[in-house]
Amino acid sequence: MEILKNYSLKSHNTFGIDASAEAFAIISSIDELQELLEIRTAKKQINILGGGSNILLTQDLPGLTILNSITGIEHLSQSEDHVLIKSGAGEVWHEFVMYCIARDLAGVENLSLIPGRVGAAPMQNIGAYGIELKEVFHSLEAVEINSGEVVTFDKSACDFGYRSSTFKKENKGQYVIVSVTMKLSKKPSLNTSYGAINQELEAMGVDNLSIAAVSQAVINIRSSKLPDPAVIGNAGSFFKNPVIETSQADSLKKQFPELVSYPAEAGMMKVAAGWLIDQAGWKGKRIGDYGVHDKQALVLVNHGSASGSQIRDLSAQIQADIEKKFGIRLEPEVNIW
Ligand code: FAD
Ligand code: NAP
């Protein structure tokens with residue numbers, strides 16, 4: 001295992017930010033990870049990287065950056081209805097989804113085409129088109145950074161919430177996820193209620209609904225709506241959709257009848273952050289080489305040579321403006337480093 005010095009991370013983050021890691025190593029096994037953790041100099045910062053599709057680099061990274069490339073997919077057990085599958089954290093998420101679909105195993109089809117690696121999926125309980133990882137999640141294994149010990153987390157220990165988990169809260173920065181075990185269904189109950197899925201299935205001429213058809217519909221919608229990081233640097237939704245009290249949503253609706261919101265947990269409403277940003281006039285705004293995407297107001301973009309701090313400053317301006325106009329504080333979904 002090689003440790004590289006002053007290694008450029010430009011091709012390891014989907015924003016395409018040109019920052020470097022003081023030291024950089026790729027691990028492909030738990031043993032390699034434990035070895036690295038043992039030899040690191042005391043107190044040296046450890047940064048864990050997957051596909052780099054949910055980070056914004058605002059500086060060169062001090063300490064050791066570890067790219068998790070532990071691969072391998074294993075069937076642990078099965079019953080009449082389910083299969084338990086364990087995936088290495090370094091597997092590409094969408095390839096894992098395709099693996100399940102090829103075997104007619106349901107549960108992750110709505111999460112097709114989300115960039116990144118399997119190991120990062122529990123970090124923010126990835127979600128799209130009405131499904132979240134927690135619905136198929138069984139358990140994960142993680143290496144504790146301080147002790148090097150392998151620990152198992154079950155679903156309740158992960159404390160999953162809306163785009164969150166314990167790994168973004170109390171256990172932030174303390175573990176390297178090395179594998180994720182998911183419970184896939186042999187007898188699918190497909191969820192096509194969300195957004196444009198049914199419309200797309202109709203346009204595709206699908207008569208017999210299948211896992212593969214739902215996945216393809218999601219892939220078609222995503223490809224037509226979302227900016228491809230290979231073409232224009234971005235990390236998907238920059239902010240989370242804010243969840244506010246129903247009473248606040250009701251009074252906002254009086255002022256802004258077009259406000260886009262959905263019921264959340266009891267007494268709360270989820271407001272579409274993209275709508276707020278669009279209404280405030282930020283959609284399509286470009287300053288030099290960075291700005292807000294012209295079709296997706298929730299996505300901040302790097303048109304070429306923007307720095308991470310320019311994009312962070314833009315996000316702060318948007319936050320302040322939305323707070324002033326709507327009284328709602330947007331929280332970043334992207335991890336700012
Ligand atoms: P990285 O960006 O590398 O890391 C993200 C965070 O997780 C960092 O804090 C990192 O330290 C930590 N981390 C990564 N791997 C590990 C590990 N093995 N152990 C411990 N910590 C780790 N997200 C959604 O939820 N739904 C979507 O629909 C969605 N669509 C997107 C569309 C686009 C075009 C883009 C660019 C992003 C989108 N995202 C979406 C965000 C992103 O793809 C996901 O959050 C994804 O899970 C990030 O994976 P990654 O491997 O790239 O993580
Ligand atoms: P969209 O369908 O235009 O909808 C806009 C927002 O409204 C979404 O953020 C979504 O919240 C919410 N919404 C729409 N229909 C809903 C319903 N029936 N019930 C509850 N909430 C609903 O969104 P989009 O931007 O094209 O994205 C489509 C899906 O992909 C969304 O689930 C989105 O989260 C996901 N996505 C995520 C990222 C990311 O980086 N996190 C990037 C691209 C797309 P939710 O976000 O809570 O679903």
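The structure contained in this document is the topic of the report that follows.

**Focus on the site of ligand 2**
Point 1. As a structural note, the neighbourhood of ligand 2 is formed by 15 residues, with Tyr162, Arg163, Tyr194, Lys270 and Glu333 the closest of them.
Point 2. A distance of 2.6 Å is found between an oxygen atom of ligand 2 and a side-chain nitrogen or oxygen belonging to lysine 270.
Point 3. Starting from 790 Å² of accessible surface for ligand 2 in isolation, the protein chains cover 77%.
Point 4. Taken together, the elements giving at least two residues each to the shell around ligand 2 come down to α5 (211-225) and β13 (233-237).
Point 5. Its residues assigned to classes, the shell around ligand 2 shows 6 nonpolar, 4 polar and 5 charged.

**Here we look at the nonpolar core**
Point 1. Counting residues in each nonpolar core, the largest one holds 42 residues, and the members touching the most others are Leu276, Ile277, Ile311 and Ile318.
Point 2. Mapped onto this core, the elements with two or more residues apiece are β2 (20-27), β4 (55-56), β5 (61-68), α6 (246-255), β16 (268-271), α7 (273-279), β18 (290-292) and α8 (308-326).
Point 3. Contacts of leucine 276, omitting those with residues within four sequence positions, involve Pro242, Leu259, Val271, Ile322, Phe326, Ile328 and Leu330.
Point 4. Judged by nonpolar contacts, the second largest core, of 40 residues, contains Leu111, Ile114, Ala128 and Ala213.

**Looking at the sheet that holds strand β19 (residues 299-302)**
Point 1. Reading across the sheet, the 4 strands line up as β13-β19-β18-β17 and stay open at both edges, with antiparallel pairing between neighbours. Strands at the two margins of the open sheet, each flanked by one partner only, are β13 and β17 (286-287).
Point 2. In terms of strand pairing, β17 meets β18 through 2 bridges, oriented antiparallel. Residue pairing across strands places isoleucine 287 opposite tyrosine 290, the latter belonging to β18.

**Structural notes on the environment of glutamate 200**
Point 1. Among the secondary structure elements, glutamate 200 is positioned in helix α4 (residues 197-203).
Point 2. Linking glutamate 200 and arginine 40, residues 160 residues apart in sequence, is a C-alpha distance of 51 Å.
Point 3. Leaving out residues up to four positions away in the same chain, glutamate 200 has contacts with Ala217, Asn220 and Ile221.
Point 4. A distance of 3.0 Å separates a polar atom in the side chain of glutamate 200 from a polar atom in the side chain of asparagine 220.

**Some remarks on the pairing of strand β10 (residues 137-144)**
Point 1. Examined bridge by bridge, β10 and strand β12 (residues 175-185) share 7 bridges and lie antiparallel to one another. Bridging across to β12, alanine 142 finds its partner in isoleucine 177.
Point 2. Bridging between β10 and strand β11 (residues 150-154) involves 5 bridges; their strand directions are antiparallel. The residue bridging alanine 142 from the neighbouring strand is valine 151, located in β11.

**Considerations on the side chain of serine 112**
Point 1. Along the chain, the position of serine 112 falls in the loop between α2 (93-102) and β8 (127-128).
Point 2. Within the structure, serine 112 has its side chain in polar contact with the side chain of serine 215 (distance 2.9 Å).
Point 3. Filtering out sequence-adjacent residues up to four positions away, serine 112 remains in contact with His94, Val97, Met98, Ile101, Ser215, Val218, Ile219 and Arg222.

**Looking at the pattern of salt bridges**
Point 1. Applying the stated rule across the entire model yields 12 salt bridges.
Point 2. Notably, a salt bridge pairs glutamate 22 with lysine 44, separated by 3.6 Å at the nearest N-O pair. With glutamate 22 in strand β2 and lysine 44 in the loop between α1 (30-39) and β3 (46-49), the pair connects residues that are 22 residues apart, well separated along the chain.
Point 3. A relative accessible area of 34% means that glutamate 22 is categorised as partly exposed.
Point 4. Between lysine 325 and aspartate 321 there is a salt bridge, with the nearest N and O atoms lying 2.9 Å from each other. A residue pair is termed a helical-turn pair when its members lie 3 or 4 positions apart in one helix, as lysine 325 and aspartate 321 do in helix α8 at 4 residues.
Point 5. The exposure class assigned to lysine 325 is partly exposed, which follows from its relative accessible area of 41%.
Point 6. Through salt bridges with shared partners, one network takes in Glu80, Asp81 and Lys187.

Criteria and cut-off values
Residues numbered from 1 in each chain as written. Chains lettered and ligands numbered in written order. Predicted model: local features only at pLDDT ≥ 70, side-chain atom pairs only at ≥ 80, totals over all residues. Heavy atoms only, no water. Near = heavy atom within 4 Å. Polar contact = N/O pair within 3.5 Å; in protein donor to acceptor, adjacent residues only side chain to side chain. Areas by Shrake-Rupley, 256 points an atom, 1.4 Å probe, with all protein chains shown as cover. Helix = DSSP H or I, 4+ residues; strand = E, 2+ residues; numbered from the N terminus. Nonpolar A, V, L, I, M, F, W, Y, C, P; charged D, E, K, R; others polar. Core = buried A, V, L, I, M, F, W, Y, C linked by side-chain atoms within 4.5 Å. Buried < 20%, exposed > 50% of the residue type's maximum accessible area, 1.4 Å probe, protein only. Contact = heavy atoms within 4.5 Å. Pairing = 2+ DSSP bridges. Salt bridge = Lys/Arg side-chain N within 4 Å of Asp/Glu carboxyl O.

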